[in-house]
Every structure is written in C-alpha cells, then in structure tokens.
Amino acid sequence: MPTNMNPFTNAKKQLDLVVPLLLSEYSDPKKFKKAISILKKPQNLFKKRLTIKLDNGRQKSFWAIRSQHNDARGPFKGGIRFHKNVTEDEVKALSFWMSVKCAVAGIPYGGGKGGIIVDPKKLSQNELQKLSKSYAQFLATHIGPRIDIPAPDVNTNGQIMAWMLEAYEKKMKTQAPGAFTGKPLELGGSLGREEATGQGGLFVLLAYLKATKKKVGGTTVAVQGFGNVGYWFARLATDVGMKVVGVSDSTGGVVNMKGLDIVKINEEKEKFGSLKEVSLMTKAKFISNEDLLKLNVDVLAPSALENAISDQNAKDIQALAILELANGPVTPEADGILESRKIDVIPDVLANAGGVTVSYFEWVQNLQGYYWDKKTVNNKLKPIITDAFNDIDDVVKTKNITYRKAAFFLAIKRIIDAMILRGRV
Ligand code: GLU
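Calculation notes
Residues numbered from 1 in each chain as written. Predicted model: local features only at pLDDT ≥ 70, side-chain atom pairs only at ≥ 80, totals over all residues. Heavy atoms only, no water. Helix = DSSP H or I, 4+ residues; strand = E, 2+ residues; numbered from the N terminus. Contact = heavy atoms within 4.5 Å. Polar contact = N/O pair within 3.5 Å; in protein donor to acceptor, adjacent residues only side chain to side chain. Buried < 20%, exposed > 50% of the residue type's maximum accessible area, 1.4 Å probe, protein only. Axes fitted to C-alpha atoms, helices over the stretch in contact; angles between N-to-C directions. Parallel < 35°, antiparallel > 145°, perpendicular 65-115°, else oblique. Left-handed = near helix turned anticlockwise from the far one by under 90°. Nonpolar A, V, L, I, M, F, W, Y, C, P; charged D, E, K, R; others polar. Pairing = 2+ DSSP bridges. Phe/Tyr/Trp six-rings, centres within 6.5 Å; stacked < 30°, edge-to-face > 60°. Lys NZ or Arg CZ within 6 Å of the ring centre and 35° of its normal.

A. Here's a closer look at the environment of Asn155. Its place among the elements puts Asn155 in the loop between strand 5 (148-152) and helix 5 (158-172). Measuring from C-alpha to C-alpha, the distance between Asn155 and Asp119 comes to 9.0 Å, with 36 residues separating the pair along the chain. With sequence-adjacent residues up to four places away left out, Asn155 is seen in contact with Phe82, His83, Pro120 and Ile160. Here the side chain of Asn155 touches Phe82 through a polar contact of 2.8 Å, landing on its backbone oxygen.

B. View of unusual backbone geometry. For Lys283, which is not a glycine, the phi torsion comes out positive at approximately 60°. Of note, Lys283 is situated in the loop between helix 9 (275-282) and strand 9 (285-287). One non-glycine residue, Lys342, lies in the positive phi region at around 60°. For Lys342, a relative accessible area of 72% gives the class exposed.

C. Layout of the side chain of Ser310. Mapping Ser310 onto the fold places it in the loop between strand 10 (299-302) and strand 11 (321-323). Here Ser310 is in contact with Met5, Thr331 and Ala334, once residues within four sequence places are set aside.

D. Broad picture of the packing of helix 6 (residues 196-211) against helix 7 (residues 228-239). Contact geometry for helix 6 and helix 7: axes closest at 7 Å, N-to-C directions at 50°. As the angle between them shows, helix 6 and helix 7 are arranged oblique. Considering only the axes of helix 6 and helix 7, their crossing is right-handed. Contacts between helix 6 and helix 7 pair Thr197, Gly198, Gln199, Gly201, Leu202 and Leu205 from the former with Val229, Trp232, Phe233, Leu236 and Ala237 from the latter. Looking at the contact of helix 6 with helix 7 residue by residue, the class counts come to seven nonpolar, four polar and no charged.

E. Examining the packing of helix 1 (residues 7-23) against helix 2 (residues 29-39) more closely. It is at 12 Å that the axes of helix 1 and helix 2 come closest, and there the two elements cross at 165°. Comparing their axes, helix 2 and helix 1 come out roughly antiparallel. Between helix 1 and helix 2 the crossing geometry is right-handed. On helix 2, the residues that touch Leu15, Val19, Leu22 and Leu23 of helix 1 are Pro29, Phe32, Lys33, Ile36 and Leu39. Looking at the contact of helix 1 with helix 2 residue by residue, the class counts come to eight nonpolar, no polar and one charged.

F. Just the sheet that holds strand 12 (residues 344-346), in detail. Taken in spatial order, the seven strands make up an open sheet running 9-8-7-6-10-11-12, and their pairing is mixed. The two strands at the open ends of the sheet, each matched to only one other strand, are strand 9 and strand 12. Neighbour-to-neighbour, the strand axes of the sheet open up by a mean angle of 20°, direction not taken into account. Bridge count for strand 11 against strand 12 is three bridges, and the pairing is parallel. Looking across to strand 12, one finds that Ala321 is bridged to Asp344.

G. How the structure looks around the packing of aromatic side chains. Tallied over the full model, the rule gives 13 aromatic pairs. Ring geometry for Tyr135 against Phe138: centres 6.3 Å apart, planes inclined by 80°, an arrangement best described as edge-to-face. Of the two residues, Tyr135 and Phe138 both sit in helix 4 (residues 125-139), three residues apart, roughly one turn of that helix. On the basis of relative accessibility, which here comes to 1%, the residue Tyr135 falls in the buried class. Put simply, the rings of Tyr109, Tyr360, Phe361, Trp363 and Trp372 pair up and form one aromatic cluster. Sitting over the ring of Trp372, Lys380 keeps its end group 5.2 Å from the ring centre.

Read these as layout, nothing more, since geometry by itself doesn't imply function.
Next comes the structure, spelled out in structure tokens:
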C-alpha cells in the first residue's frame, strides 16, 4: 500500500495541517504539543484471533480489532466494520475520526472503532452470529454504556448489534441496552437511526446550499456507494427535489441525467443482487465506479470506503462540491488538488455525523428507559447538524480555510481543552 493510501497516515496529516492554526490558542505550547502527540495514537488497542466452528464442522479464525482513540470528552463511541480489507491502521484512523466527529457534533463522546477481517457474504447467518457473539465476548470487559459504545459500520447492522448485545449482557450478567447503538427497535433501538446518516448528510447539504446561496430544487447529485448511507441520502435528497443522476455500488452503477427513481433501483438491487445486474436486467445505462466520480454534477457524495478520491483522480472531478458521506474518501493530496480547483469538500466528520448523533439519542433513551417518537428524533437532529455546519462555516469565512481544516480546528480544540481540564497534559 503506498503511504498516501494508508488511512492512519492520512488522518495524522489532517491533524498536522491544523497544528499551526491551533498553536496560538494555547498559552502553554508544551502542553499543546503533548496533547497533539497523544492524539496521534489510540489510548487502547485490542486485538485477538477469534475462532468459530463453521457449519461444515471445521474451525476458522478471524482477526478482530477494537481501537479506543480518546475518551477526554466522554465514553469511546464508534462502529464495528466487517470487511476483508480491514487493517489495524484503518481501524485506528476510523477511531480518530470518530473523536473528531463527536467533537464536531458537540455530543459527549470520544472516538472508537472496531473491525473484523472477514468477508461476511461468505458466512451463513449462523456463522455470522457466532462470530459477532465471539467479538462481544472478547471485548465485554472493555466496553459498556459508560466505557465504549459500539454501533454498526460497513457490513454490520441491527441484527449484528442484537447478537453482540446478547453476548455482552450474558457475560456481564446485566441488562444494558445502552452498551450498543444501532439496535433493532425491539431491543431498544431508536426510531430514525436507520436513515440517520443519510438524513444528517442531507441537513448538512441543505445548510451548505443556503450558505453558498444555491438553490435546492434541481441540484444534481451522484452517489458512490449504495449501502445504508448512500441509499438513504439519495432517497431523501430526491424527496426534497434534488435530482440524483447516478448511483453505484462496488460492481458499478446506473446513470440517467434526467434523474433516477431511487426506491425502484433499491428494489431492483434487492431482486438482482447488484447495481451492475440492475443495469443488465433493466437496460438502465451502466456506469463504472471510476466514471461515476467524474460525472458533471453539482454534488458528488462518496459514500463507500476510504481513498475513493486520491491524487490519481482529483483532477478529473467535475462536481462543484463533494459531500463525504463515507469516512476518509478524499485523501490529503486530493484535498490539496480540489482546494486549488475551488471544489468545496464538506468533510466526513461533519457530513456523516448524523449517524452517531442519533446513536447518542438512542443511548440517552436507553439510559432513561423512555422512548421518543420519530418527529422528536428528527427535530433534535436538525439543529445539532445545522449548528455544527454554521459553526464550521464561520471559521471557514473568518480564517479563509477549507471546511475540513475548520472542522478539525474546532474539534481538536474541544478535545484538547477537555484533556487540559482533566490534567491529562
Ligand atoms: N459507524 C458510524 C460512523 O462512522 C456510526 C457510529 C456510531 O453510531 O457510533 O459514524
């Protein structure tokens, strides 16, 4: 892996870029520098090979990781990803971005992230249940509602959280729904959590369009990644009158410059298996993932994995703005190229913060044992996300810096202030 594709190297580069801006905010540069060096490593890292018995009777082992980045502002918080390309550095970067994201949203958490190196499509439901439960057993004494609260991420969902909760509660001999978020409603999940990341992304985009005096109706959008986040964002964007002209998953995608029917495409994807199949079976126009990123649209929303836009393709981007719904989809080198081309990048730590914000609501409801209706959830989500955007936008304008630098400036300051108050530095 070339260094510029290592997510943890990239996360540390993003941090270094705001150090000169932050230095003057602190009277004691030694304390500040110590805090920065602490933020360059997770506080705790747990790793283990988990062995399960497969349906065919054989044993198989999988590497499992949990990175707890920083808990100065509250318990560690962040998802668990199941993917064949998970690496330790990826999980470390994702946990760092969670610390930044929670500080951007102003919710009382630090950052964490977990992963298992596995292709979940190759496991049966029974095997997946065993692996999920084994992961929660391994981490049980290191997580919990007041310590570290995992949630879904790439290829994990409410069912996996339900299995993990069961294993955790059994081992800890307690009932603790607040130990995981993104749970099914039956087990203490929150209304609105399923669509929260897409909904939050839309609130950010609406605030951005307002701030830049652009209109909502007819705004053209391309979405790379058609998992939970990409699907919900695309669907909600069309509901408010935007025109989603291209969507793709890992197999490629479909494009129609007149606009796509997102609900129908999702039904077809479920029927045929992938967006490539949808294009073959329905005669929709196929587009490769690479070409989808180069579409001439107002907004490009990379919603899949890290490094989708790097120094290799940043010069070919035609969108006016990029809304990072995935974590880490634009590398620092690409950021530089896009900045010089005057393409705004609305960073992941703001654009996809709706997910963890509704996770926070779920946790609050679990701790109180009192549940809200969906309207309450959305009415509380919108001001948190819109205020976060406006705070960042103020810094963008007063300091004349990018949205990412402004978001990091505010968030890292909040984290370091908490570290100083606690006497950690
Ligand atoms: N995995 C999501 C993220 O990257 C959600 C995390 C959470 O809800 O804790 O933001």
